[in-house]
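What the coordinates show
What follows is each chain in one-letter form.
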Amino acid sequence: MTQTRTVGILIFDDVEVLDFAGPFEVFGVAGHPHGQRPFEVRLIAQHDVVIARNGFQVVPRHRLEDAPEFDVLVVPGGGGQHPDGTPFGTRREMHNEDLLAWLRRAAGRAEVVLSVCTGALILARAGLLDGLAATTHHLAFDELRAVAPNSDIREGERVVDNGHIVLSGGIAAGIDAAFHVVARLVGRDTAVATAAYMEYPWNGALPGVRG
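I will try to describe carefully the structure that is included in this document. (Residues numbered from 1 in each chain as written. Predicted model: local features only at pLDDT ≥ 70, side-chain atom pairs only at ≥ 80, totals over all residues. Heavy atoms only, no water.)

Scanning the protein for helices and strands turns up seven helices and 13 strands. Taking 211 residues into account, the globule formula puts the C-alpha radius of gyration at 17 Å, and the protein, at 16 Å, falls close to it. Going through the 211 residues of the protein one by one, you find that 55% of them count as buried. Put simply, of all contacts in the protein between residues at least 6 apart along the chain, 63% involve residues at least 24 apart. Roughly 9,200 Å² of accessible area belongs to the protein as shown, and the carbon and sulfur atoms make up 47% of that amount. In the protein, 18 side chains carry a positive charge and 26 a negative one; their mean positions are 4 Å apart. (Helix = DSSP H or I, 4+ residues; strand = E, 2+ residues; numbered from the N terminus. Rg over C-alpha atoms; globule rule 2.2 N^0.38 Å. Buried < 20%, exposed > 50% of the residue type's maximum accessible area, 1.4 Å probe, protein only. Contact = heavy atoms within 4.5 Å. Areas by Shrake-Rupley, 256 points an atom, 1.4 Å probe, with all protein chains shown as cover. Lys, Arg positive; Asp, Glu negative; His and termini not counted. Charge placed at Lys NZ, Arg CZ, Asp CG, Glu CD.)

This is the structure in structure tokens:
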């Protein structure tokens, strides 16, 4: 019988929709072609309702204070600065001390932590990327270097695998990283079958890098 792992996906206002919805779909349907359910996926947020990019309204399953432990924790990206310099999305949440404290605890208990896009900035601010290889959206490498000076920034790498912490590049790269994690935890055959079910062009040939 296949072990069922819980997947927690952190969301917040101005989160990029595909950053969290792409991995949600991958983990959510993984194994279904073979009648398996190796993952149970839940959304977590600090508030009862999240307004993602472009006004997409989402109701999370858990708030931070009542969230259980997760085997896989996903931290998506999305955000920047308004014309007046006010940060939003990841650029705001990377300074949210309550969220960072929760993330440190949750990451310490998870089997795998996966960041998508500028979710890497939040991991860096939480002190989770010291000494590790890392990647992010191609427009955010300078920001990541500034907040993670002790990390090995891998430009051009779509997915970087340090074992406990896996990072992916911008937006759609989170889908590839999710398949990579499925392949690691459940098996390449399950990941490939899931990709075929989703009609997504993934065949397991990812340049995963272990730090």
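Now for the environment of V113. With respect to the helices, strands and loops of the structure, V113 is situated in strand β9 (residues 112–116). Its relative accessible area of 0% is what places V113 among the buried residues. For the pair V113 and P201, spaced 88 residues apart in sequence, the C-alpha to C-alpha distance is 24 Å. Those residues within four positions of V113 in sequence are excluded, and the remaining contacts are L73, A107, L123, H164, I165 and V166.

In strand β13 (residues 165–168), alternate side chains face the same way, and those of I165 and L167 on one face and V166 and S168 on the other are all buried. Pairing of β9 with β13, which is carried by four bridges, proceeds in the parallel orientation. Counterpart to V113 in the pairing with β13 is I165. Once strand β12 (residues 159–161) ends, the chain turns through three residues before running back antiparallel as β13, passing G163 with a positive phi of about 95°. (Pairing = 2+ DSSP bridges.)

Together, V49, I51 and V59 make up an exposed nonpolar region whose accessible area comes to about 240 Å². Owing to a relative accessible area of 37%, V49 belongs among the partly exposed residues under this scheme. (Patch = residues over 30% accessible without salt bridge, like charges linked within 9 Å, V, L, I, M, F, W, Y side chains within 5 Å. Salt bridge = Lys/Arg side-chain N within 4 Å of Asp/Glu carboxyl O.)

At their nearest, the axes of helix α6 (residues 173–185) and helix α7 (residues 188–198) sit 6 Å apart, and the two run at 145° to each other. Only R188, T190, A191, T194, A195 and M198 of α7 make contact with α6, whose side of the interface consists of F179, V182 and A183. Here the contact of α6 with α7 is composed, by residue class, of six nonpolar, two polar and one charged. (Axes fitted to C-alpha atoms, helices over the stretch in contact; angles between N-to-C directions. Nonpolar A, V, L, I, M, F, W, Y, C, P; charged D, E, K, R; others polar.)

The subject of this paragraph is the sheet that holds β13. As summarised here, the arrangement of the seven strands in space is β5-β2-β1-β6-β9-β13-β12, forming an open sheet in which the pairing is mixed. Edge positions in the open sheet fall to β5 (62–63) and β12, since each of these has one partner strand only. Here strand β6 (residues 72–75) pairs with β9 via four bridges, running parallel. Paired with V74 across the two strands is L114, which belongs to β9. Seen against the sheet, helix α3 (residues 97–109) touches β1 (5–10), β2 (39–45), β6 and β9 and runs at an angle of roughly 150° to β6. Contacts between α6 and the sheet are confined to β1, β2, β6, β9, β12 and β13, with β9 contributing the most and set at about 165° to the helix.

In this structure, I11, F27, L73, W102, L103, L123 and L144 are the most contacted members of the largest nonpolar core, which totals 67 residues. Here this core takes eight residues from α6, the largest share from any one element. (Core = buried A, V, L, I, M, F, W, Y, C linked by side-chain atoms within 4.5 Å.)

Let's shift gears to α3. In a regular helix each residue adds 1.5 Å, so 13 residues correspond to 18 Å; α3 covers 19 Å between its end C-alpha atoms and thus fits that length. Restricting attention to buried positions, one finds in α3 the residues L99, L100, W102, L103, A106 and A107. The arc enclosing the buried residues of α3, seen along the axis, measures out at 160°, which places them on a common side. In α3, the exposed positions that point more than 90 degrees away from the buried face belong to D98, G108 and R109. If you follow the buried residues of α3, they end up packed against β1, β2, β6, α2 (90–93), β9 and α4 (119–125). Where α3 begins, the side chain of N96 points an oxygen toward the backbone nitrogen of D98, at a separation of 3.2 Å. (Expected span 1.5 Å × (residues − 1). Arc of directions from axis to C-beta. Polar contact = N/O pair within 3.5 Å; in protein donor to acceptor, adjacent residues only side chain to side chain.)

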